[in-house]
2 protein chains.
Amino acid sequence: MSPTPLRISAVDTFDIRFPTSRELDGSDAMNPDPDYSAAYVVLRTDAEDGIEGHGFTFTIGRGNEVQVAAIHALRHHVVGRDVDEVCANPGALYQELVGDSQLRWLGPEKGVMHMAIGAVINAVWDLAAKRADKPLWRLLAEAEPEWLVAQIDFRYLTDALTREEALDILRRGRAGAGERTQRLLERGYPGYTTSAGWLGYSDEKLTRLAAQAVADGFTQIKLKVGADLDDDIRRCRVARSVIGPDIRMAIDANQRWDVAEAIRWTKALAEFEPYWIEEPTSPDDVLGHAAIREAVAPVKVATGEHVQNRVVFKQLLQAGALDVVQIDAARVGGVNENLAILLLAAKFGVPVCPHAGGVGLCELVQHLSMFDYVAVSGTTENRVIEYVDHLHDHFQDPVVIREGHYTAPTAPGFSAAMRPESITRYTFPGGTFWAADLDEKKGRAA
Amino acid sequence: MSPTPLRISAVDTFDIRFPTSRELDGSDAMNPDPDYSAAYVVLRTDAEDGIEGHGFTFTIGRGNEVQVAAIHALRHHVVGRDVDEVCANPGALYQELVGDSQLRWLGPEKGVMHMAIGAVINAVWDLAAKRADKPLWRLLAEAEPEWLVAQIDFRYLTDALTREEALDILRRGRAGAGERTQRLLERGYPGYTTSAGWLGYSDEKLTRLAAQAVADGFTQIKLKVGADLDDDIRRCRVARSVIGPDIRMAIDANQRWDVAEAIRWTKALAEFEPYWIEEPTSPDDVLGHAAIREAVAPVKVATGEHVQNRVVFKQLLQAGALDVVQIDAARVGGVNENLAILLLAAKFGVPVCPHAGGVGLCELVQHLSMFDYVAVSGTTENRVIEYVDHLHDHFQDPVVIREGHYTAPTAPGFSAAMRPESITRYTFPGGTFWAADLDEKKGRAA
């Protein structure tokens, strides 16, 4: 008699919000007052050891409940599934979710519904990595190329990347993978910091944090720009004078500009030698990015945190619109779609420097860059993972930064799980923090 | 003493679903079993005459509740607003909704959150047209060019269309507008029908309905393709033999193909002289559409019903990727964004042939094409509005088709209001139809 298979017994969702707007953490030209939030999902199983898969979509406050509703709408595809089957082939579930013919109308493959798929799929990978007793980066790096390629949806990609080309890249990536794993465990993966450069910070705070970043071993910092050109000139001058000529300084406009304005503004900041201009315009504007890139070189063009799916990344690469691909772990359809994007970037020879920060994005995306280093691109040259020093203490396996490098996680899973006490405190609106906040507001009003 | 201003007193939402999948109405290569649905919104006012604004997002079933939640998330921007102020300048509210810095993260300007904005904004235009005692097409056609241009968000557009260029187009559009209004009232606006060509229909049904379409005065029909090439060849042959050489036959793949496959498949059907191939690949793939268009000429390339916003339409036009712009009244950010798209199309000289069908999309989009005819493009040459003969009886002011033409609406508003008894019957899951359906299922299970 075969044993009863383990099942996914429930898909639980949580609306978790942190009151970050009160400190101006995370303020930029388009997002003046974000409350960093997570539409959080837990895949419960009936395993005796209580093993679970955790995942989430990052949002910045209002609307987090819509994102939770979207995750909830996927439940019927997941509850009751055989855990071993799902973990053996997350790609099958990914295809099923993306292919739901009625839900597809709400995207397709973009926005709220697609991010919900990403949250669920990432939770499956968390579960799969825990079951395999490996950190996710290692599970991916040690997987067979054939199996990895089977995780990818090549629909709409084959004019730029075929299954065979992807397989070739992954097979080539095996050479030296063991040594790179060793180096990764010893040295970690380089990061850069955005913590100094939020738009809402004073020059004094910028100076102090930029100096701290250099002292901490980071070789790149990032400044938010795009609200006021005179302010940007002053802040870039301050930052450059603090960090000196050898530390890279990226600037980030968070989609603030039209094409001509992006070119004009970036050129006006060129004397401070920005390394890249990030999100100069709409993330949907492939042709716009191509025009900007041509005009602002040698300043590089970076985007990706809001790029909705692999089809737009494909075109950004086809059009020569990007110098830097900024994947986000929780914007697209989860690990499966990010595998496709990493392979597209490798095919076009463009470095991947992930977007992170927010809630738990550093925790997730480090696994993807580490896999890329060990098994795809084989290098960390001109590659850095964004690092923002916020909210890590809410995670069970938070990132560890040493001398400007992400330390390779060793705990099994995708580092996605929040601490239970943080979930209890910051669930909106009923968690202890928000309930007390509401009481206080009522008290002031009375 | 000035009178108390009228306020928007409530934003009510409804999850309305029709069981269309039981008849295979609406079946195509990507959507085998749609249940045509509407996330429906009513802006209540405290006016004594009970005037209301109605709007909706069309979906195809599952996930309609997510769309309702997204509309609900916009409530705080709308409740309590001065009705006259909002109606005098819907563009201000549109900018406020699109610019909500926290909700913006969920798009930006795409997918569930953006369609929710479209539903609310369209409801505002319904209210504005009712207050003006005009059908919406007429309100728009009689508006000052300066006011219309102020309704548009030019962000991300100025590399292709400036405010001044838009103003020029609208000023030129005034010449002869009175005569065109007269002609429109007499003759209506040409339509074409998709009712014959759903993938789930038998050859017998296709034959009968195609013959009926010609008898009804339509000069263009449309067939769904893309599931099976042999079937498509047979169905195109049947249809062409029924309609003869002079009726246009469009084909529609509903995003089924990759670029190379789209080219191959379309060429395989070229002998039946399709007029356009619609949605040959991902709606996000600007460069893919450009490649397909170059390869399949003289077959035209059409897309738009899933094009997420004006930024993607801009690029499709910049890249020469389209012969036909298929606006959808309820996919983008409502009338305001569709004004931008109509003006982009006019700038690039590409005809607009709207997507319609679904629930109420014919009712809405006719107003936009009629405005385009009277005040923008000034012509109906090579322009047709899609017509599907489904679900019109649920609307208070349903479209009227005469000899293959949409009759110009004369009732005030945007023709968006559903009949109260339809809302009562088809609200999901508590409406009388669905409650009875559930009882029956329970009965069968018992």
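Just so it is clear, the model here is predicted, and its values are computed rather than measured. (Residues numbered from 1 in each chain as written. Chains lettered and ligands numbered in written order. Predicted model: local features only at pLDDT ≥ 70, side-chain atom pairs only at ≥ 80, totals over all residues. Heavy atoms only, no water.)

### Brief notes about the overall build of chain A
Then, in step 1: Per the secondary structure count, chain A includes 18 helices and 12 strands.
Then, in step 2: Out of the 446 residues in chain A, the part that is buried amounts to 63%.
Then, in step 3: Sequence-distant contacts in chain A: of pairs separated by 6 or more residues, those separated by 24 or more amount to 75%.
Then, in step 4: Only carbon and sulfur atoms are counted for the fraction: they give 50% of the accessible area of chain A, which is about 15,200 Å². (Helix = DSSP H or I, 4+ residues; strand = E, 2+ residues; numbered from the N terminus. Buried < 20%, exposed > 50% of the residue type's maximum accessible area, 1.4 Å probe, protein only. Contact = heavy atoms within 4.5 Å. Areas by Shrake-Rupley, 256 points an atom, 1.4 Å probe, with all protein chains shown as cover.)

### A closer look at the pattern of salt bridges
Pairing of side chains with opposite charge becomes possible as their charged atoms draw close.
Then, in step 1: The full count for this structure, using the stated rule, is 66 salt bridges over all chains.
Then, in step 2: The shortest N-O distance in the salt bridge between Lys314 of chain B and Asp285 of chain A comes to 2.5 Å. In this pair, Lys314 of chain B sits in helix H14 (residues 310–318) while Asp285 of chain A sits in the loop between strand S7 (274–278) and helix H13 (286–296), so the two residues belong to two different chains.
Then, in step 3: Its salt-bridge partner being Asp323 of chain A, residue Arg293 of chain A comes within 2.8 Å of it at the nearest N-O pair. With Arg293 of chain A in helix H13 and Asp323 of chain A in the loop between helix H14 (310–318) and strand S9 (324–325), the pair connects residues that are 30 residues apart, well separated along the chain.
Then, in step 4: Assessed through its relative accessible area of 28%, Arg293 of chain A is described here as partly exposed.
Then, in step 5: Exposure remark for Asp323 of chain A: the relative accessible area of 15% places this residue in the buried category.
Then, in step 6: The structure contains a network of salt bridges with shared partners spanning Lys222, Lys224, Asp252, Glu278 and Glu386 of chain A. (Salt bridge = Lys/Arg side-chain N within 4 Å of Asp/Glu carboxyl O.)

### With respect to the domain arrangement of chain A
Residue and element names in this part refer to chain A.
Then, in step 1: Split into domains, chain A comes out as domain 1 (8–135) and domain 2 (177–421).
Then, in step 2: Computed over C-alpha atoms, the centres of domain 1 and domain 2 are 23 Å apart.
Then, in step 3: Each side of the interface is counted separately: domain 1 has 38 residues, and domain 2 has 44 residues.
Then, in step 4: Both faces combined, the contact of domain 1 with domain 2 buries some 3,300 Å², and carbon together with sulfur accounts for 64% of it.
Then, in step 5: For the pair domain 1 and domain 2, the interface holds 1 salt bridge.
Then, in step 6: One salt bridge connects Glu109 with Arg310, and the closest N-O pair in it is separated by 2.4 Å.
Then, in step 7: For the side of domain 1 that touches domain 2, the secondary-structure elements that each account for two or more residues are strand S2 (37–45), strand S3 (53–59), helix H4 (90–98) and helix H5 (111–131).
Then, in step 8: The leading source of residues in the side of domain 1 that touches domain 2 is H5, at 9 residues.
Then, in step 9: Among the residues forming the side of domain 1 that touches domain 2, the class breakdown is 18 nonpolar, 11 polar and 9 charged. (Domains from an automatic or database assignment. Buried area = accessible area lost by both parts, 1.4 Å probe. Nonpolar A, V, L, I, M, F, W, Y, C, P; charged D, E, K, R; others polar.)

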